[in-house]
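Fold and geometry: a report
Listed below are the residues making up each chain.
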Amino acid sequence: MFKVNANYLKLPGSYLFSNIAKKVAAYQDANPDKEIIKLGIGDVTLPLAPKIIDSLHDAVDEMSRAETFRGYAPDLGYEFLRNAIADGDYKSRGCDIQPDEIFISDGAKCDSGNIQEIFSVDNRIAVCDPVYPVYVDTNVMAGRTGEYDAASGTWSKVIYMPCTAENNFVPEFPKENPDIIYLCIPNNPTGTTITKAQLQDWVDYANRIGAVIIYDAAYEAYISEEDVPHTIFECEGARTCAIELRSFSKNAGFTGTRLGFTVIPKELKAGDVSLHALWARRHGTKYNGAPYIIQKAGLACYTPEGKAQLQEQVAYYMKNAKTIKEGLSQAGFTVFGGVNAPYIWLKTPDKMTSWDFFDYLLETVNIVGTPGSGFGPSGEGYFRLTAFGSYENTLRAMERIRSL
Ligand SMILES: *Cc1c(COP(=O)(O)O)cnc(C)c1O
């Protein structure tokens, strides 16, 4: 008789966003005349930029001709894209990353979920709390997290680094030494970030204790302040302790098109075993590459025209972020984030729980957001709104909130 992977059975309840969808659907069914504004889920809404669409069309045409047709992509991804990334994202910032240290993939969710496979199940992971749920859940599936305690919402073997208003949402070195440290900067869900000096401290710490940092930089394009690192490889010593994950989803609208990459420097080793070699082996065995036409579309993001169009899209979302941040502040809320990330993180009023505030917003002003507690126990008492809606809806949402 077959048995299932029992680790899956340890995963609590259903996924945050399906709970939200159910509540919204129930409310809409009961109130068909109400117009709900969704500032909840983290998906982009603007269409792909014209330069990207042109590139996609051209690549599709290439696939129609025998001379230019492409089959399987190279294991690491096409060189044209890896070269553009090495130049555009790393050399341009003075970081030494070679094209063959870049692995093209179909996105950072998959990479952040898959990367744990190359590490021992004995490794202890450390995560920020609140956190992007993928990091923890994929380690649960692998059997790395121990037992779940429903009362506290924590796993016995996971090291949590609370990020709250008290520490300005900057994680502190944990008491126990972790082996794998997940950092997402700028942060989803809190919308906050850390300075380059603070990240340098993390790199020094990881090198000192022999840990690896899995650095999710999916929101890099939203950085607007000077002193915020765009990549962990700006820090000295990162080549011996860091893996960086990047995505084309939030900067270029590829959430449905799918494209991302992982950077593993050749110096990153466990003893004399290179993590680059392990990930290359995994990639070669389990993955057959992002489609040629999508990698071609990704290349368009690095052209001057493409870059300018993407900057406009990011600016559009960040105008929404500013609108939300100012609107909430004027309405008397305590707000964080929204300056280097498309997320606004607010303190719920009157000590309401995150889910009580969710119901209150949905029922009184028909606005959907995301309860902070869905991202971890330290998210309780907070709430996330996103800047990915239309400007018109964002303005209307703020008018409604001011009327509360
Ligand atoms: C949206 C997001 C990603 C991107 O995932 P893709 O699979 O590339 O779409 C990665 N990490 C975080 C924290 C995110 O919020």
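First, a word on what this report is: a plain description of the structure on this page.

The rules we used
- Residues numbered from 1 in each chain as written.
- Predicted model: local features only at pLDDT ≥ 70, side-chain atom pairs only at ≥ 80, totals over all residues.
- Heavy atoms only, no water.
- Helix = DSSP H or I, 4+ residues; strand = E, 2+ residues; numbered from the N terminus.
- Rg over C-alpha atoms; globule rule 2.2 N^0.38 Å.
- Buried < 20%, exposed > 50% of the residue type's maximum accessible area, 1.4 Å probe, protein only.
- Pairing = 2+ DSSP bridges.
- Axes fitted to C-alpha atoms, helices over the stretch in contact; angles between N-to-C directions.
- Contact = heavy atoms within 4.5 Å.
- Core = buried A, V, L, I, M, F, W, Y, C linked by side-chain atoms within 4.5 Å.
- Expected span 1.5 Å × (residues − 1).
- Phe/Tyr/Trp six-rings, centres within 6.5 Å; stacked < 30°, edge-to-face > 60°.
- Lys NZ or Arg CZ within 6 Å of the ring centre and 35° of its normal.
- 1 Å grid on protein atoms, 1.4 Å probe; cavity = no way out; pocket = protein on both sides within 12 Å on 5 of 7 lines; lining within 4 Å.
- Points joined across faces, edges and corners; volume = space filled by probe spheres on them.
- Nonpolar A, V, L, I, M, F, W, Y, C, P; charged D, E, K, R; others polar.
- Left-handed = near helix turned anticlockwise from the far one by under 90°.

**Focus on the overall build of the protein chain**
Each helix and strand in the protein chain was counted, giving twelve helices and 17 strands. The C-alpha atoms of the protein chain give 21 Å as radius of gyration, which agrees with the globular expectation for 404 residues (22 Å, within 12%). In terms of overall dimensions, the protein chain has a C-alpha envelope of 60 × 55 × 50 Å along the principal axes. Across the 404 residues that make up the protein chain, the buried fraction comes to 54%.

**A closer look at the sheet that holds strand β10 (residues 260–263)**
Taken in spatial order, the seven strands of this open sheet run β2-β10-β9-β8-β7-β3-β6, and their pairing is mixed. At either end of the open sheet lies a strand with only one pairing partner, and these are β2 (102–105) and β6 (159–162). For this sheet the average axis-to-axis angle between neighbouring strands, irrespective of direction, equals 20 degrees. Helix α3 (residues 79–90) contacts β2, β9 (242–247) and β10 of the sheet and is inclined by roughly 115 degrees relative to β2. In the packing of helix α8 (residues 275–286) onto the sheet, the strands contacted are β2, β8 (212–216), β9 and β10, and the crossing angle to β2 comes to about 25 degrees.

**Some thoughts on the nonpolar core**
By size, the foremost hydrophobic cluster in this structure holds 94 residues, and its most contacted members are Ile52, Leu183, Phe254 and Leu328. When residues in this core are grouped by element, the largest group, seven residues, is from helix α10 (residues 304–330). If sequence neighbours within four positions are ignored, leucine 183 has contacts with Cys128, Met161, Pro171, Leu199, Trp202, Ile213, Ile214, Tyr215 and Asp216. The next biggest cluster of nonpolar side chains, apart from the first, holds 26 residues, and it includes Val131, Tyr135, Val212 and Ile214.

**A word on the pairing of strand β17 (residues 382–386)**
For β17, the tally of buried residues reaches five of five residues, placing the bulk of the element in the interior. The side-chain alternation of β17 yields two buried faces, one formed by Tyr382, Arg384 and Thr386 and the other by Phe383 and Leu385. The pairing of strand β14 (residues 343–347) with β17 spans five bridges and is classified as antiparallel. In the strand pairing of β17, tyrosine 343 is matched with threonine 386. With two bridges connecting them, strand β16 (residues 370–371) and β17 associate as antiparallel partners. Looking across to β17, one finds that proline 371 is bridged to phenylalanine 383.

**Things to note about helix α1 (residues 16–30)**
Helix length check: α1 (15 residues) gives 22 Å between terminal C-alpha atoms against 21 Å at 1.5 Å per residue, within 8%. Lining the buried residues of α1 we find β1 (37–38), α11 (354–365), β15 (367–368), β16 and β17.

**A look at unusual backbone geometry**
Omega for the peptide link from isoleucine 185 to proline 186 comes to -10 degrees, which places this bond in the cis form. Mapped onto the fold, proline 186 is located in the loop between β7 (180–184) and α6 (196–209). Residue proline 189 is reached from asparagine 188 by a cis peptide bond, and omega for that bond is 15 degrees. Looking at the secondary structure, you find proline 189 in the loop between β7 and α6.

**What to know about the packing of aromatic side chains**
Two aromatic rings are characterised by how far apart their centres lie and by the angle between their planes. Per the stated rule, a full pass over the model turns up 28 aromatic pairs. Between tyrosine 219 and tyrosine 343, the aromatic rings sit 5.2 Å apart at their centres with planes inclined by 75 degrees, giving edge-to-face as the arrangement. One end of the pair, tyrosine 219, is in the loop between β8 and β9; the other, tyrosine 343, is in strand β14, with 124 residues separating them in the sequence. In this arrangement the basic side chain of lysine 296 is found over the ring face of phenylalanine 80, its NZ or CZ atom lying 5.5 Å from the centre. When the ring centre of tyrosine 382 is taken as origin, the NZ or CZ atom of lysine 347, which lies over that ring, is 4.4 Å away.

**Observations regarding the layout of surface pockets**
What the largest pocket holds in volume is close to 720 Å³. What lines the largest pocket is a set of 25 residues, among which Pro12, Asp137, Tyr148, Ser373 and Gly374 lie closest to the centre. Elements supplying a minimum of two residues to the lining of the largest pocket: α1 and α5 (133–142). Examining the composition of the lining of the largest pocket, we find that four residues originate from one element, α5, more than from any other. Considering only residue class, the lining of the largest pocket consists of 15 nonpolar, eight polar and two charged. Here the second largest pocket defines a volume of roughly 610 Å³. In this structure, the second largest pocket is lined by 26 residues; those nearest its centre are Arg93, Glu220, Ala221, Asn251 and Gln311. Of all the secondary structure elements, the ones that give two or more residues to the lining of the second largest pocket are α3, β9 and α10. Residue contributions to the lining of the second largest pocket peak at five residues, all from α10.

**Quick word on the packing of helix α2 (residues 50–63) against helix α9 (residues 292–300)**
One way to put it is that α2 packs onto α9 with a least axis distance of 8 Å and a crossing angle of 145 degrees. Handedness of the α2/α9 crossing: right-handed. For the pair formed by α2 and α9, the contact residues are Lys51, Ile52, Ser55, Leu56, Ala59, Val60, Glu62 and Met63 on the first element and Tyr292, Ile293, Ile294, Lys296, Ala297 and Ala300 on the second. Within the contact of α2 with α9, the residues separate by chemical class into ten nonpolar, one polar and three charged.

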